[in-house]
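Topology and contacts: notes
Residues per chain, in single letters:
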Amino acid sequence: TWHLKKIPQIVGERTFSLDSPKFEAKTKLELNSVCGIECQRRLPVPSLSDLKDLLSYETIFENGTRTLTEVNVLGLVLDPAGNTTTQRSLRKKRQIYGTDSRFSIYDKRFMTNFPFNTAVKISTGCSGILISPKHVLTAAHCLHNGKDYVKGSKRLRVGLMKTKSRGDGRRRKDGMPSFQWTRVKSTHIPKGWFKGVSGDIALDYDYAVLELKRPHKRKYMELGISPTIKMMPGSMIHFSGFDNDRSGQLVYRFCSISDESNDLFYQYCDAEPGSTGSGIYLRLKEPNKKKWKRKIIAVYSGHQWVDVNGEQQDYNVAVRITPLKYAQICFWIHGNDENCTQG
């Protein structure tokens, strides 16, 4: 069952203008020297002032102007346990773990219907997911490398799947979706992402929200608070994206989570670059109802290399939607915290 949680409030305090970025960074879909499972165990618990700083955010607009908004966090109970993970060993493998268990979605009836129609393509080479009539959730590193915005993010566009013929009369090959591209009006990235990349890359804040210039008329997926592994049916997660090795195809997969920290899921879902930024979802029952409901509980950050005992090992990682992140993303969608009290 989806358990309701009281959500802390994120309140915007002050907004400052910043210089326009250079937009010169290269898109890098695999990160190195990431702070992984062991490194996370050593991190101190962030204080309230740390969290206010980490959750402050940059907004970049279509015309290249940029602002920084400082926030306050209200009604938060800090967890003294810190960034705990369970003690398990990491397997040293590649992005495809054993037999490739991904499914390409060819049938247009599936492709254009919920939940597959919520998957979108980002023009920088990533995936994303529709979370409101005008907003898309994706990974921060698809847009910013920690020092500068990536080259393609100045004229950022989002591709929504369509299956109708193209205007010139030629039909697409069956199973290959074409995209209706929409310009992005503004992008929000948490300051925690810029902080993390200054030393060891911390993936806790690797998420971003894009506001589209025009609303779409499709069904989108709601946000949910990420439950612990024990609270998931079979510890199983699902996500769909546009993997680079299957050009033009929507690729779906499901797998179980191997490990977790307060902010991250570590898993071995088969994936390739291009699926980075996909929304990871669960299907659980609504409280006091017999209906099942899918909700996004994490953002797929991609295949990353981490330092473990002085060696580079790899894993696939997802950023969990915690109550704080839920509050922040909800605040970005609505512009206030009134609609964000229960998650």
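See the structure shown above.
Residues numbered from 1 in each chain as written. Predicted model: local features only at pLDDT ≥ 70, side-chain atom pairs only at ≥ 80, totals over all residues. Heavy atoms only, no water.

**Some points on the pattern of salt bridges**
For the structure shown, the criterion picks out 11 salt bridges. When the shortest N-O distance is used, the salt bridge between Lys191 and Asp53 registers 2.7 Å. Residue Lys191 is located in helix 4 (residues 191-196), and its partner Asp53 is located in helix 2 (residues 48-55); the two are separated by 138 residues in the primary sequence. You can call Lys191 partly exposed: its relative accessible area is 23%. The closest approach of N and O atoms between Arg183 and Glu62, which form a salt bridge, is 3.4 Å. Residue Arg183 is found in strand 9 (residues 178-190), and its partner Glu62 is found in the loop between strand 2 (57-61) and strand 3 (66-74); the two are separated by 121 residues along the sequence. (Salt bridge = Lys/Arg side-chain N within 4 Å of Asp/Glu carboxyl O. Helix = DSSP H or I, 4+ residues; strand = E, 2+ residues; numbered from the N terminus. Buried < 20%, exposed > 50% of the residue type's maximum accessible area, 1.4 Å probe, protein only.)

**Details of empty space enclosed by the protein**
Vacant regions in the atomic arrangement are exposed by a probe of water-molecule size rolled over the atoms. As enumerated under the stated definition, the model contains two cavities of 30 Å³ or more in all. Quantified by volume, the largest cavity comes out at close to 80 Å³. For the largest cavity, the full set of lining residues is Phe23, Ile60, Phe61, Glu62, Ser153, Lys154, Leu156, Val184, Lys185, Ser186 and Thr187. Looking at the lining of the largest cavity, the elements with two or more residues in it are strand 2 and strand 9. The element best represented in the lining of the largest cavity is strand 9, accounting for four residues. Along the lines of polarity and charge, the residues of the lining of the largest cavity split into five nonpolar, three polar and three charged. (1 Å grid on protein atoms, 1.4 Å probe; cavity = no way out; pocket = protein on both sides within 12 Å on 5 of 7 lines; lining within 4 Å. Points joined across faces, edges and corners; volume = space filled by probe spheres on them. Nonpolar A, V, L, I, M, F, W, Y, C, P; charged D, E, K, R; others polar.)

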